[in-house]
Amino acid sequence: MPIIRNYLQIRGAASEIEAALHFIQNDATGIGSIDFNKIEPMPPWIFQGELSPEAEKRYGAEHCWKRWCLAHWGCARNALFPERSTEEYDGGDTILFFTEDSDVRELMRKLSLVFKIPCFDYMWADEETGKSAGLISFRDGVASVKFLPKAYSREAYELAFDTFGTSAGEHGLVPDSGTYIYRKEEENDESDSENP
């Protein structure tokens, strides 16, 4: 299960930023966190128990939590580690949150429909550096800036480095013709060429 690191920056008046942060917060952990139910609540008729083929047959897979979450939030579960998000929050206009397997750009678009005035800048990258990364800005449901680099491209890696606050070297990567490769692979290639 790859973990996605997500940043949401809210640009607007201080009162608008504060209202949006209070609206989305996980009530158990506080400001700086996010609860997807605040943006699009899971209906009470959705089965939230242990998933099994029997449960999916009884309730219908579309009425079980996993399928509903994927369809409405974009990922299989609510935001992970809300306590960590609250601890990391510095009181500004940006929060960090974590998701499982995928980004939640459609959910961020829906949030921008709730608060129409501020601009919501959403950036993400997965822990498999370079596989999935992007940046989108929303205002009133409209995406104004999109940066969705191709998986494993130089741009995807560099956006992931920015998101994680790391460098290529910290991941064991070095630049190579339009992308990055693992340093070990490069060293193996060099030793192979030295030994005919």
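You'll find the structure just up there.
Residues numbered from 1 in each chain as written. Predicted model: local features only at pLDDT ≥ 70, side-chain atom pairs only at ≥ 80, totals over all residues. Heavy atoms only, no water.

Digging into the side chain of Glu-100
Alright, step 1. With respect to the element layout, Glu-100 can be found in strand β2 (residues 94-100).
Alright, step 2. We classify Glu-100 as buried; its relative accessible area is 10%.
Alright, step 3. A polar contact is formed between the side chain of Glu-100 and the side chain of Arg-77, at a distance of 2.9 Å.
Alright, step 4. With sequence-adjacent residues up to four places away left out, Glu-100 is seen in contact with Met-1, Pro-2, Cys-75, Ala-76, Arg-77 and Leu-80. (Helix = DSSP H or I, 4+ residues; strand = E, 2+ residues; numbered from the N terminus. Buried < 20%, exposed > 50% of the residue type's maximum accessible area, 1.4 Å probe, protein only. Polar contact = N/O pair within 3.5 Å; in protein donor to acceptor, adjacent residues only side chain to side chain. Contact = heavy atoms within 4.5 Å.)

A closer look at the pattern of salt bridges
Alright, step 1. Evaluation of the coordinates by the stated rule reveals nine salt bridges.
Alright, step 2. Salt-bridge contacts for Arg-11 lead to Asp-121; the nearest nitrogen and oxygen are separated by 2.6 Å. Highlighted residues: Arg-11 in strand β1 (residues 3-11) and Asp-121 in strand β3 (residues 119-126), separated in sequence by 110 residues.
Alright, step 3. Take Asp-121: its relative accessible area is 12%, and that puts it in the buried class. (Salt bridge = Lys/Arg side-chain N within 4 Å of Asp/Glu carboxyl O.)

What about the state of the cysteines?
Alright, step 1. Here the structure, examined in full by the defined rule, presents zero disulfides.
Alright, step 2. The cysteine Cys-69 is free of any disulfide, with Cys-75 supplying the nearest cysteine sulfur at 7.0 Å. (Disulfide = S-S within 2.5 Å.)

Points about the nonpolar core
Alright, step 1. Ranked by size, the top nonpolar core spans 31 residues in total, and within it Leu-8, Ile-34, Phe-36, Phe-97 and Met-108 carry the most contacts.
Alright, step 2. Of all elements in the fold, only β1, α1 (14-24), α2 (36-39), α4 (65-72), β2, α6 (105-114), β3 and β4 (133-139) reach the threshold of two or more residues within this core.
Alright, step 3. In terms of residues, this core owes the most to one element, α1, which gives four residues.
Alright, step 4. Not counting residues within four places of it along the chain, the set of residues in contact with Phe-36 comprises Trp-73, Cys-75, Arg-77, Asn-78, Ala-79, Phe-97, Thr-99, Val-104 and Leu-107. (Core = buried A, V, L, I, M, F, W, Y, C linked by side-chain atoms within 4.5 Å.)

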